[in-house]
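Structural overview for review
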Amino acid sequence: MAQLFEVHPEHPQPRLLKQAADILHQGGVVAIPTDSSYALVCHLDDKAAVDALRRVRGVDERHHLTLLCRDLSELANYARVDNAQYRMLKAATPGPYTFILEATKEVPRRVSHPSRRTIGLRVPDHRVTQSLLELMGQPLLATTLILPDHDEPLNDADEIREALEKRIQAVVDAGACPMAPTTVIDLSKGSVEVVREGRGDLSVLGLA
């Protein structure tokens, strides 16, 4: 049975988040809230956890997974960015934007795109997510919590727990999320390509 941690959305209880972080360090898959929707997350360096996350989500290695980072300094360890890209990232973070960037050697090859060597990265603007990342001390690997037979993300913690009680190890419940996808920007080809327009305002990036 997946554990349920009910936390305050603005002032999450450190004791409960510490328990969720311990589960992640031990190789668990956890459902957490973000500034766009609930996401499934796991430890970046745990192959078995990454495989389990992909199975729950119903995706293969060609599906872009996302690294949730605390800030831009952490993001720079995992992606190559030039000065222009950095300015764009700085304008958009933290916030509901996912950037596809060229991965550095710090990113395990098994979690980057198999043919392009790219990775999705973002800095979420959600107190619970940021607090959990702080406790982890490193990025989390994430994917939107959309089940294989669903079109929309699950947005109720009890419903998530009921649907995945034997497939994930914990759910962090901070109430409903905005239920809007992130805006996805591909910067990996030397140009700026809007892959998906979502919750993040393109005018912040000078693209509207």
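Scroll up to find the structure this text is about.
Attention in this report is confined to the structure presented alongside it. In this text, all values refer to a predicted model and were calculated from it rather than measured experimentally.

Here is what the cut-offs are and how they apply
Residues numbered from 1 in each chain as written. Predicted model: local features only at pLDDT ≥ 70, side-chain atom pairs only at ≥ 80, totals over all residues. Heavy atoms only, no water. Helix = DSSP H or I, 4+ residues; strand = E, 2+ residues; numbered from the N terminus. Buried < 20%, exposed > 50% of the residue type's maximum accessible area, 1.4 Å probe, protein only. Contact = heavy atoms within 4.5 Å. Areas by Shrake-Rupley, 256 points an atom, 1.4 Å probe, with all protein chains shown as cover. Lys, Arg positive; Asp, Glu negative; His and termini not counted. Charge placed at Lys NZ, Arg CZ, Asp CG, Glu CD. Expected span 1.5 Å × (residues − 1). Arc of directions from axis to C-beta.

**Looking at the overall build of the protein**
What the protein contains, in helices and strands, is six helices and eleven strands. Across its three principal axes, the protein shows a C-alpha extent of roughly 45 × 35 × 30 Å. Relative to its 208 residues, the protein shows a buried fraction of 52%. Here the contacts in the protein between residues at least 6 apart in sequence split such that 65% fall between residues at least 24 apart. About 9,700 Å² of surface is accessible on the protein, with carbon and sulfur atoms providing 44% of the total. For the protein, the distance from the average position of its 24 positive side-chain charges to the average position of its 29 negative side-chain charges is 7 Å.

**Regarding helix α1 (residues 14-25)**
Here α1 is twelve residues long and its end C-alpha atoms lie 16 Å apart, about the 16 Å a rise of 1.5 Å per residue gives. Of all the positions in α1, only L16, L17, A20, A21, I23 and L24 are classed as buried. Burial along α1 is one-sided: seen end-on, the buried residues are contained in an arc of 155°. What points out from α1, more than 90 degrees from its buried face, is the exposed set P14 and R15. Trailing α1 by a residue or two, G27 shows a phi angle of about 95°, which is positive.

**A word on the environment of Q3**
Structurally, Q3 is set in strand β1 (residues 3-6). What makes Q3 partly exposed here is its relative accessible area of 39%. For the pair Q3 and S188, spaced 185 residues apart in sequence, the C-alpha to C-alpha distance is 38 Å. For Q3, the contacting residues outside a window of four places in its chain are Q19, I23, R161, Q169, A170 and V171.

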